[in-house]
Amino acid sequence: MISGISGASMAVFQTQSSSNSSSLTTDQRQLIEDTLAEFNVDQLTEADALSITETFADAGIQPGREMTQAISDAGFDARTIGDLAGVGGPQQGGMQQGGTPPPPPPQGLNISDEMLQSLNDLLNDYYSGDLTEEEQASTLTSITDILKETAPEGGLINVTA
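Just so we're clear, the structure is a prediction, and the values are computed from it rather than from any experiment. (Residues numbered from 1 in each chain as written. Predicted model: local features only at pLDDT ≥ 70, side-chain atom pairs only at ≥ 80, totals over all residues. Heavy atoms only, no water.)

What about the confidence of the model for the protein?
The cut-off we apply is this: Known as pLDDT, the predictor's confidence for each residue is given on a scale from 0 to 100. The way it works is that DSSP assigns letters per residue, a run of H or I at least four long becomes a helix, a run of E at least two long becomes a strand, and they are numbered from the N terminus. The criterion used for residue contact is that any of the two residues' heavy atoms lie within 4.5 Å.
Of the residues in the protein, 65% have a pLDDT of 70 or more, and the chain-wide mean is 73. When pLDDT is averaged over each element of the protein, helix α2 (residues 26-37) comes out on top at 93 and helix α1 (residues 2-19) at the bottom at 40. Low confidence marks residues 1-21, where pLDDT is under 50. Its contacts with residues over four positions away, or in another chain, come to 39 contacts. Across residues 89-98, where pLDDT falls below 50, the model places 39 contacts with residues more than four positions away in sequence or in other chains.

Thoughts on the pattern of salt bridges
Keep this limit in mind: Salt bridge, as applied in this entry: a Lys or Arg side-chain nitrogen positioned within 4 Å of an Asp or Glu carboxyl oxygen. Think of it in three bands: with a 1.4 Å probe and only protein chains considered, a residue is buried below 20% of the maximum accessible area for its type, exposed above 50%, and partly exposed in between.
Taken as a whole and assessed by the stated rule, the structure comprises one salt bridge. The closest approach of N and O atoms between Arg-29 and Glu-66, which form a salt bridge, is 2.5 Å. One end of the pair, Arg-29, is in helix α2; the other, Glu-66, is in helix α4 (residues 65-73), and 37 residues separate them in sequence. Given a relative accessible area of 29%, Glu-66 falls into the partly exposed group.

Some words on the environment of Gln-28
Definition in use: For the purposes of these results, a polar contact is taken to be a pair of N or O atoms within 3.5 Å, where, inside protein, one atom must be able to donate a hydrogen and its partner to accept one; residues adjacent in sequence count only when each atom of the pair is a side-chain atom.
Summarising the element assignment, Gln-28 is placed in helix α2. Taking the relative accessible area as the measure of exposure, Gln-28 reaches 15% and is therefore buried. Each C-alpha atom, one on Gln-28 and one on Phe-56, is 8.3 Å from the other, the two residues being 28 residues apart in sequence. Beyond its immediate stretch of four places on either side in the chain, Gln-28 contacts Ser-23, Ala-59, Gly-60 and Ile-61. At a separation of 3.0 Å, a polar atom in the side chain of Gln-28 contacts the main-chain amide nitrogen of Thr-25.

Notes on the packing of α2 against helix α3 (residues 46-58)
Defined as follows: Note on geometry: axes are C-alpha line fits, over the in-contact stretch for helices, and angles between N-to-C directions span 0 to 180 degrees. An angle counts as roughly parallel when it lies under 35 degrees, as roughly antiparallel when it exceeds 145, as roughly perpendicular when it falls between 65 and 115, and as oblique in every other case. Handedness of a crossing is defined here by the sense of rotation of the near helix relative to the far one, left-handed for an anticlockwise turn of less than a right angle and right-handed for a clockwise turn. Each residue gets one label: Ala, Val, Leu, Ile, Met, Phe, Trp, Tyr, Cys and Pro are nonpolar, Asp, Glu, Lys and Arg are charged, and the others, such as Gly, are polar.
Their axes nearest at 11 Å, the elements α2 and α3 cross at an angle of 160°. Considering the angle they form, α2 stands roughly antiparallel to α3. Handedness of the crossing formed by α2 with α3: right-handed. For the pair α2 and α3, contact is made by Leu-31, Ile-32, Thr-35 and Leu-36 and by Ile-52, Thr-55 and Phe-56, respectively. Considering only residue class, the contact of α2 with α3 consists of five nonpolar, two polar and no charged.

Here's the deal with the environment of Asp-77
Mapped onto the fold, Asp-77 is located in the loop between α4 and α5 (78-84). Accessibility expressed as a relative area gives 42% for Asp-77, which makes it partly exposed. For the pair Asp-77 and Val-41, spaced 36 residues apart in sequence, the C-alpha to C-alpha distance is 8.7 Å.

Re α4
The condition is simple: It is the directions from the helix axis to the C-beta atoms that the arc portrays.
Where α4 is concerned, the buried positions are Met-67, Ala-70 and Ile-71. Looking straight down α4, one finds that the buried residues subtend no more than 100° of arc, so they occupy a single side. For α4, exposure combined with an orientation more than 90 degrees from the buried face picks out Arg-65 and Asp-73. In this structure, the buried side of α4 is in contact with α2, α3 and α5. Count one or two residues on from α4 and you reach Gly-75, which has phi positive near 90°.

With respect to a negative patch on the surface
Applied cut-off: Within the patch definition used here, like charges are joined within 9 Å and nonpolar side chains (Val, Leu, Ile, Met, Phe, Trp, Tyr) within 5 Å, considering only residues with over 30% relative accessible area and no salt bridge. For the accessible areas, the method is Shrake-Rupley and the probe is 1.4 Å, while residue cover comes only from the protein chains on display. In this tally, Lys and Arg are treated as positive and Asp and Glu as negative; His is ignored, and so are the chain termini. All charge positions are set by atom: Lys at NZ, Arg at CZ, Asp at CG, Glu at CD.
Negative charge collects at one region of the surface, where Glu-33, Asp-34, Glu-38 and Asp-73 lie side by side. Within the secondary structure, Glu-38 is located in the loop between α2 and α3. A relative accessible area of 64% places Glu-38 in the exposed class.

Thoughts on the packing of helix α6 (residues 113-127) against helix α7 (residues 133-150)
Two elements in contact, α6 and α7, have axes whose closest approach is 10 Å; the angle formed by their N-to-C orientations is 150°. Overall, the two elements α6 and α7 adopt an arrangement that is roughly antiparallel. With respect to the hand of their crossing, α6 and α7 are arranged in left-handed fashion. Counted together, Met-115, Ser-118, Leu-119, Leu-122, Leu-123 and Tyr-126 of α6 and Gln-136, Thr-139, Leu-140, Ser-142, Ile-143, Ile-146, Leu-147, Glu-149 and Thr-150 of α7 form the full contact between these two elements. For the contact of α6 with α7, the per-class residue count stands at nine nonpolar, five polar and one charged.

Here you go:
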């Protein structure tokens, strides 16, 4: 159960964190330009897209408007790169720790900005490593409550075959 909550909540957390991404440094802009110069926009493959997203993640480049613009300035489309890599584009989420953007949030998730901020705060607390077991359990209960409250009728996942 924890992994299911963690996976769904991390997508929400990453969405929130991407909107708070920092601006790009000159070196990061140059890395984007240099990286994309190695690829042909008309012949971009899944492997190419995965390599690009990994390179950007390794450099600490966070998805956001500036990254999307830098990619566009290089003649590429950030969403296309994300789609080819099998992940949501930068507009839909931030980089995961593994170096790839998370999948898009579930359709129909009804979450207010206030609830999203609360969820983000709870997740930051939960993963900080500073909580006691009792505080972790309480935080996880709060996270679960927010996800239950915001889930569409019938839940986030359809498990019927």
